[in-house]
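# Chain and residue survey
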Amino acid sequence: MREIILDTETTGFEPSEGHRVIEVAAIEVVNLLPTGRFYHAIIDPQRDVPPEASRIHGFTRADLEGKPLFAEQMDAMLAFLGDSPIVAHNAAFDFKHLDAELVRAGRPPLDGTRMVDSLALARERFPGAPNSLDALCRRFEIDLSERTTHNALLDVRLLAQVYLELRGGRQLGLTLGAAPFATAALVQATEAAAPRTPRPIQVPEERVAVHAAFLGKLKDPLWNRL
């Protein structure tokens, strides 16, 4: 099954207050494993970036000025998303910001039935426990050393590993490295094992005799009643 792991970074919490999307990252997974296909865009929000937002994701107004506008990269994003389920951590946040951008550009919002909230899955599995992306990575022993800011492209790579765990456990050899997700290693790790030749166990005759003698000492064994 094809799914999309998605994350956004924004200038603030509420699009109704004029906040805009500044980064969109998404990776494709099929049967929970990354395929190596991804989408990434850094966007000019055409407004300032508050210092409190910059402290979270590291982007300043100067970093974003002159980047493509949302409307200019929207078609590429929608083509990558297709009609697949979209997995995000606190998905309602990402959906409301993307929907606001799409409506502003004259497009319909995303279909809410496609939303898969990994935060809700985590809260169901670990009720009462911390379920931020950082907390889940620590719980599942996923390397966080690169996560100094909330970079969307790094976050979707981490979330892909977390989502795999939430859906049933890490596959042998799943590594999402700095190269586009170590696809070759994944293929090698998930290939079917070569057929094995059966090797019947040969029991020495003296061991058979010892075993028969032992059974002969048992009184009224259960298998004789069957």
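See the structure shown above.
One structure accompanies this document, and this report is about it. (Residues numbered from 1 in each chain as written. Predicted model: local features only at pLDDT ≥ 70, side-chain atom pairs only at ≥ 80, totals over all residues. Heavy atoms only, no water.)

Taken as a whole, this structure holds three aromatic pairs when the rule is applied. Directly above the ring of phenylalanine 80 sits arginine 2, whose terminal nitrogen or CZ lies 5.7 Å from the centroid. (Phe/Tyr/Trp six-rings, centres within 6.5 Å; stacked < 30°, edge-to-face > 60°. Lys NZ or Arg CZ within 6 Å of the ring centre and 35° of its normal.)

The next subject is the layout of surface pockets. In this structure, the largest pocket encloses a volume near 590 Å³. Surrounding the largest pocket, 25 residues form its lining, Glu9, Phe13, Ile56, Phe93 and His150 being those nearest its centre. Every element with two or more residues in the lining of the largest pocket is listed here: β1 (2-10), α1 (51-57), α4 (91-104), α6 (133-139) and α7 (152-166). In terms of residue count, β1 provides more of the lining of the largest pocket than any other element does, five residues in total. Here the residues of the lining of the largest pocket are counted per class, giving eight nonpolar, 10 polar and seven charged. (1 Å grid on protein atoms, 1.4 Å probe; cavity = no way out; pocket = protein on both sides within 12 Å on 5 of 7 lines; lining within 4 Å. Points joined across faces, edges and corners; volume = space filled by probe spheres on them. Helix = DSSP H or I, 4+ residues; strand = E, 2+ residues; numbered from the N terminus. Nonpolar A, V, L, I, M, F, W, Y, C, P; charged D, E, K, R; others polar.)

Moving on, we come to helix α5 (residues 118-125). Of all the residues in α5, the buried ones are Ser118, Leu119 and Ala122. Looking straight down α5, one finds that the buried residues subtend no more than 100° of arc, so they occupy a single side. Structural note: α5 exposes Arg123 and Glu124 on the side pointing more than 90 degrees away from its buried face. Where α5 begins, the capping side chain belongs to aspartate 117, and its oxygen is found 3.0 Å from the backbone nitrogen of leucine 119. (Buried < 20%, exposed > 50% of the residue type's maximum accessible area, 1.4 Å probe, protein only. Arc of directions from axis to C-beta. Polar contact = N/O pair within 3.5 Å; in protein donor to acceptor, adjacent residues only side chain to side chain.)

Contact geometry of α5 with α7 gives a least axis separation of 10 Å together with a crossing angle of 40°. In terms of orientation, α5 lies oblique with respect to α7. When you trace α5 past α7, the crossing you get is left-handed. Facing α5, whose interface residues are Ser118, Leu121, Ala122 and Arg125, α7 presents Leu159, Tyr163, Glu165 and Leu166. Classifying every residue of the contact of α5 with α7 by side-chain character gives five nonpolar, one polar and two charged. (Axes fitted to C-alpha atoms, helices over the stretch in contact; angles between N-to-C directions. Parallel < 35°, antiparallel > 145°, perpendicular 65-115°, else oblique. Left-handed = near helix turned anticlockwise from the far one by under 90°. Contact = heavy atoms within 4.5 Å.)

The subject of this paragraph is the pairing of strand β2 (residues 21-30). Most of β2 is tucked away, with nine of its 10 residues classed as buried. One ladder, built from nine bridges, connects β1 with β2; its direction is antiparallel. Residue pairing for β2: glutamate 3 is matched across the bridge by valine 29. Pairing of β2 with strand β3 (residues 33-42), which is carried by seven bridges, proceeds in the antiparallel orientation. Within the sheet, the bridge partner assigned to isoleucine 27 lies in β3 and is phenylalanine 38. Hairpin geometry of β2 and β3 is characterised by an intervening segment of two residues between the two adjacent antiparallel strands and by a positive phi of about 55° at asparagine 31. (Pairing = 2+ DSSP bridges.)

Attention now goes to the pattern of salt bridges. Under the counting rule described, the total for this entry stands at 11 salt bridges. Close ionic contact of glutamate 101 with arginine 104 constitutes a salt bridge, the shortest N to O distance being 3.1 Å. You can see glutamate 101 and its partner arginine 104 sitting in helix α4, three residues apart, about one turn around the helix. By relative accessible area, which is 45% here, arginine 104 ends up partly exposed. (Salt bridge = Lys/Arg side-chain N within 4 Å of Asp/Glu carboxyl O.)

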